[in-house]
Amino acid sequence: MKNNKGPQRGRRGFGEPRRTFGSPDQDAYTLPSAASTPEELLILGALKRCGGDGVPSKSLQRESGIRDKDSFYEALKSLEALREVTIDKDHWVKLVPPSREIEAQIVSLSARFGFAKPRIGEDIFIPGRDLNGAFLGDKVILFDLQKRDKGPSGKVKRIVEHGENKLTGTVHIDEHGSVITPDGPIRYDLEIPSGKLGGAKDGDKVLMEPIQDYRGDWTQAGVKYIFGTGDRARVCADAIIERCGIPTQFPPAVMAQAEDISHMTVTPEDMAERLDLRDEPIFTIDSADAKDLDDAVSAHKTVDGYTLGVHIADVSHYVKAGTPIDNEAFIRGTSVYFADRVIPMLPEALSNGVCSLNAGTEKLTFSALMDFDFDGNMTGYRFEKTVINSKVRGVYSEVNEIFQGTATPDILEKYSPVMDSLMTAKELADILRNSGKSRGQMDLTSDETKFVLNEDGVCIDLLPRTQGISEELIEQLMVAANCAAAKASLAAEIPFLYRVHEKPNPDRVYELCDLFDRLGVKCSELKKGTPSTKDFAEVLDRVRGTSKESLVNQRILRTMDKARYDHRELGHFGLALGEYSHFTSPIRRYPDTSIHRILSDLVRGEDKGSIRKKYRTFAEESAVESSKNEVRAVTGERDAEDCYMAEYMRAHLGEHHTGVINGVTPKGIFVKLENNAEGFISLSDFENCDFEFDGEICHKCRRSGKTLMMGQDLGIIIAGADVATGRIDFMPEEP
């Protein structure tokens, strides 16, 4: 059995790290500034012009050119918190000299090295001998920072705070002993000392506790909890939920409050304070199995264009700030979706009950009421607290049949109360989609997979998730409402949460262009200084329907920064929008709940100054926490999907398929099948081949000239599938 020792400290002669970063006499690594806002950068620039002796804050404001006093002092306070400046009792401001040390967090460990992530900048390589006992998740102070050929490196000076990671893995037992193969970013086996197996059997998925050996190295682990056999994806999903720290149980106080709220009804007092839309032809459209219906729509044609109503469950009416339910929702941040379960942000008594916009019942909503001209330009908007009575509980598949002209008489009868509204909504959605395309909105195809499980929870099929006309309709109308919410906040100049997607880094675009050139994908639009969203959209359109479509989609996504939440409006590059937010899903996303709370005060006519004071800190904290929790949810969902894919593929070993080479590494290639399953083929599986790697996209055999290039079709045989790790292995059809 292979038994890799853990990261070592203060010891020589255990081998070289996999990466090298150049010679040690290179320049020391210069830490990037932590400043990020335009105001912060203006202040730093002004301080540098004024010299190192400092300057009074009032003079600094004039020198920086920032006219708004609140914005200036907010940025100055932020710079002080970031330790970029100091401010003395006389309000003199000085630059803090660049530090030769930096705080970072250990984010991955291999047998002989690790990586640490600073608050800003790229990950820092740490040789195993210089980890100084640090383990995954620890916050550390790094020193001796060097800029090497392939990135920065450093050494751990001290551990500031130990991490609280929940670590899982798979137990392996043989005649040589017992080890745990950890999940996630620990990439070596840990020995299980005598008495620490805890009754686990070979192949069990477990919660583990790392143990330092007598030298202080992390080489061992004990079993704390047994989830069950790692051969079941459902068991692996349990472990992933635990490892990611996704809350699954609501505290008693939350459940008690949810029970009380679930009995609330629409009262005459509620009606008196709201716009009555119960007679409007309002409807919902969701999947057939959806239970948390948080958005409904209505549409009318007017002399000048269209009027659109997007009516969202008024969660903020029921979930008040600072209550147990609100505090729990803040911690959860989002509902999390697995193949066999949903972990909701709100208790089901709210998400599936009192807040859900079930047809035929009076429901409290927060409505975005928008006007559009015939070209799809938004000419007006307002937000109102409303009460609705949805006339139809629409289903995507049924609505698609209506649009395709294949609906049965029963379906047509069901939708007759809202048919005019539905058709008008489709007409407007078509215009909005064309408008988005004309401004350059990217149409990235989805690689999402629907997992079909049997009664035992075992994955028996993989189906690509398709988007029909009705799904696109709802998407377009929700985007419109999200834009209106962002416009309203900017017009009122109040704190808010925005969904931002910043422009890609020019260096990464350059690397993407180089890759596309080698793949034979025309991308001249991207080679100008600052390519627009429309430029990327044109490249995507060029490969639409070809074997390279999925690969180009994937690579463009990797080039882009991930969308996130921010209290500043930075625009949404992917949608080619200058202002955007998330208003339409408060049942399952806390940012939307936050936005509802802020907009509710605005709609009630509360003084804008009071709103700014009340929500300035809240908006910043909610944006940070919501972004963090979204990453946690996405990580858990994707890791679980890998396990379910492996579970399905394990039942199809030996089958022959054709896929597309989706990735190339020094040791082999990744091939993606039509059902989105991706497997690895080792170069050693190609007989009589002596491959040379070009470092990025292609292996070429020196003997035969055979190539293995990204985007190339390849016949494969399903050779292996490990559910516990989510790894799938293929063999080439023609070795």
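Residues numbered from 1 in each chain as written. Predicted model: local features only at pLDDT ≥ 70, side-chain atom pairs only at ≥ 80, totals over all residues. Heavy atoms only, no water.

Describing helix α14 (residues 506-519)
Turning to step 1, where the next piece is worked out: The terminal C-alpha atoms of α14 lie 20 Å apart, and with 14 residues this matches the ideal 20 Å at 1.5 Å per residue to within 8%.
Turning to step 2, where the next piece is worked out: Of all the residues in α14, the buried ones are Val509, Leu512, Cys513, Leu515, Phe516 and Leu519. An end-on view of α14 places all buried positions within 165° of arc, on one side of the element. Residues Pro506, Asp507, Tyr510 and Glu511 are exposed on α14 and point more than 90 degrees away from its buried face.
Turning to step 3, where the next piece is worked out: Against the buried residues of α14 lie α15 (533-543), α16 (549-559) and β32 (707-709).
Turning to step 4, where the next piece is worked out: Just downstream of α14 lies glycine 520, where phi reads positive at about 80°. (Helix = DSSP H or I, 4+ residues; strand = E, 2+ residues; numbered from the N terminus. Expected span 1.5 Å × (residues − 1). Buried < 20%, exposed > 50% of the residue type's maximum accessible area, 1.4 Å probe, protein only. Arc of directions from axis to C-beta. Contact = heavy atoms within 4.5 Å.)

Details of unusual backbone geometry
Turning to step 1, where the next piece is worked out: Here the phi dihedral of glutamate 493 falls at roughly 55°; this positive angle occurs in a residue that is not glycine.
Turning to step 2, where the next piece is worked out: Within the fold, glutamate 493 resides in the loop between α13 (469-492) and β25 (498-500).
Turning to step 3, where the next piece is worked out: At alanine 576, a position not held by glycine, the phi torsion is positive, near 55°.
Turning to step 4, where the next piece is worked out: Along the chain, alanine 576 turns up in the loop between β26 (564-566) and α17 (590-603).

Structural notes on the packing of helix α12 (residues 419-439) against α13
Turning to step 1, where the next piece is worked out: In contact at an axis separation of 9 Å, α12 and α13 are set at 70° when each is read in the N-to-C sense. Taken together, the axes of α12 and α13 are roughly perpendicular relative to one another. Where α12 abuts α13, its residues Leu422, Ala425, Lys426, Leu428, Ala429, Leu432 and Arg433 lie against Ile469, Glu472, Leu473, Gln476, Leu477 and Ala480.
Turning to step 2, where the next piece is worked out: The residue makeup of the contact of α12 with α13, split by class, is 9 nonpolar, 1 polar and 3 charged. (Axes fitted to C-alpha atoms, helices over the stretch in contact; angles between N-to-C directions. Parallel < 35°, antiparallel > 145°, perpendicular 65-115°, else oblique. Nonpolar A, V, L, I, M, F, W, Y, C, P; charged D, E, K, R; others polar.)

Looking at the nonpolar core
Turning to step 1, where the next piece is worked out: Grouped together as the largest cluster of nonpolar side chains are 82 residues, with contacts concentrated most on Tyr415, Leu477 and Phe583.
Turning to step 2, where the next piece is worked out: Ranked by the residues each element gives to this core, the list is headed by α13, at 11 residues.
Turning to step 3, where the next piece is worked out: Residues contacting tyrosine 415, with those up to four places away along its chain left out, are Val392, Arg393, Gly394, Val395, Glu398, Val399, Ile402 and Leu422.
Turning to step 4, where the next piece is worked out: One finds Leu512, Cys513, Leu540 and Leu714 within the second-largest nonpolar core, a separate group that totals 63 residues. (Core = buried A, V, L, I, M, F, W, Y, C linked by side-chain atoms within 4.5 Å.)

As for the sheet that holds strand β2 (residues 85-87)
Turning to step 1, where the next piece is worked out: Taken in spatial order, the 3 strands of this open sheet run β1-β3-β2, and their pairing is antiparallel. Each edge of the sheet is formed by a strand with only one pairing partner; in this case those strands are β1 (55-56) and β2.
Turning to step 2, where the next piece is worked out: As paired elements, β2 and strand β3 (residues 92-95) share 3 bridges and run antiparallel to each other. Residue valine 85 lies in a different strand from β3, and its bridge partner there is leucine 95.
Turning to step 3, where the next piece is worked out: Helix-sheet contacts for helix α1 (residues 38-50) involve β1, β2 and β3, and the interaxial angle to β3 is about 90°.
Turning to step 4, where the next piece is worked out: The strands touched by helix α3 (residues 69-81) within the sheet are β2 and β3, with β2 carrying the most contacts at an inclination of about 110°. (Pairing = 2+ DSSP bridges.)

Side note on the sheet that holds β32
Turning to step 1, where the next piece is worked out: A sheet is described by the order of its strands in space; here 3 strands give the open sequence β30-β31-β32, paired in antiparallel fashion. A strand with exactly one partner marks an edge of an open sheet, and here the two such strands are β30 (691-693) and β32. Strand-to-strand twist in this sheet, taken as the mean axis angle between neighbours without regard to direction, amounts to 15°.
Turning to step 2, where the next piece is worked out: Across 3 bridges, β30 lies against strand β31 (residues 698-701) in antiparallel orientation. Within β31, the residue paired with phenylalanine 693 across the bridge is histidine 699.

Brief notes about the confidence of the model for the protein chain
Turning to step 1, where the next piece is worked out: Averaged over all residues, the pLDDT of the protein chain equals 90, while 94% of them reach at least 70.
Turning to step 2, where the next piece is worked out: Low pLDDT (under 50) marks residues 1-26, which in the prediction has 73 contacts with non-local residues, meaning those over four places away or in another chain. (pLDDT = per-residue confidence, 0-100.)

Describing the pairing of strand β10 (residues 177-182)
Turning to step 1, where the next piece is worked out: Here strand β9 (residues 167-174) runs beside β10; their pairing, made up of 6 bridges, is antiparallel. Bridge assignment links aspartate 174 to a residue of β10, and that residue is glycine 177.
Turning to step 2, where the next piece is worked out: Relative to strand β11 (residues 190-191), β10 runs antiparallel, the two being bridged by 2 bridges. Bridge pairing in β11 links valine 179 to glutamate 191.

Here we look at the pairing of strand β6 (residues 124-127)
Turning to step 1, where the next piece is worked out: Here β6 shows two buried faces, one formed by Ile124 and Ile126 and the other by Phe125 and Pro127.
Turning to step 2, where the next piece is worked out: In this structure, strand β5 (residues 113-118) lies alongside β6, joined through 4 bridges in antiparallel fashion. Bridge pairing in β6 links phenylalanine 113 to proline 127.
Turning to step 3, where the next piece is worked out: Hairpin connection from β5 to β6: 5 residues lie between these consecutive antiparallel strands, with glycine 121 at a positive phi of about 90°.

What to know about the packing of α1 against α3
Turning to step 1, where the next piece is worked out: In contact at an axis separation of 9 Å, α1 and α3 are set at 75° when each is read in the N-to-C sense. Taken together, the axes of α1 and α3 are roughly perpendicular relative to one another. Residues Glu39, Glu40, Ile43 and Leu44 of α1 form the contact with α3, whose own contacting residues are Ser71, Phe72, Ala75, Leu76, Ser78 and Leu79.
Turning to step 2, where the next piece is worked out: In terms of residue class, the contact of α1 with α3 is built from 6 nonpolar, 2 polar and 2 charged.

Re the pattern of salt bridges
Turning to step 1, where the next piece is worked out: One pass over the full model with this rule turns up 47 salt bridges.
Turning to step 2, where the next piece is worked out: When the shortest N-O distance is used, the salt bridge between glutamate 579 and lysine 487 registers 3.2 Å. Of the two residues, glutamate 579 is situated in the loop between β26 and α17 and lysine 487 in helix α13; the sequence distance between them amounts to 92 residues.
Turning to step 3, where the next piece is worked out: The partly exposed category is assigned to lysine 487, whose relative accessible area is 28%. (Salt bridge = Lys/Arg side-chain N within 4 Å of Asp/Glu carboxyl O.)

Notes on α13
Turning to step 1, where the next piece is worked out: Taking 1.5 Å of rise per residue, the 24 residues of α13 would be expected to cover 34 Å, and the 35 Å separating its terminal C-alpha atoms lies within 8% of that figure.
Turning to step 2, where the next piece is worked out: Of all 24 residues making up α13, 18 are buried, and the element is well covered by its neighbours.
Turning to step 3, where the next piece is worked out: One or two steps after α13, the chain reaches glutamate 493, where phi turns positive at roughly 55°.

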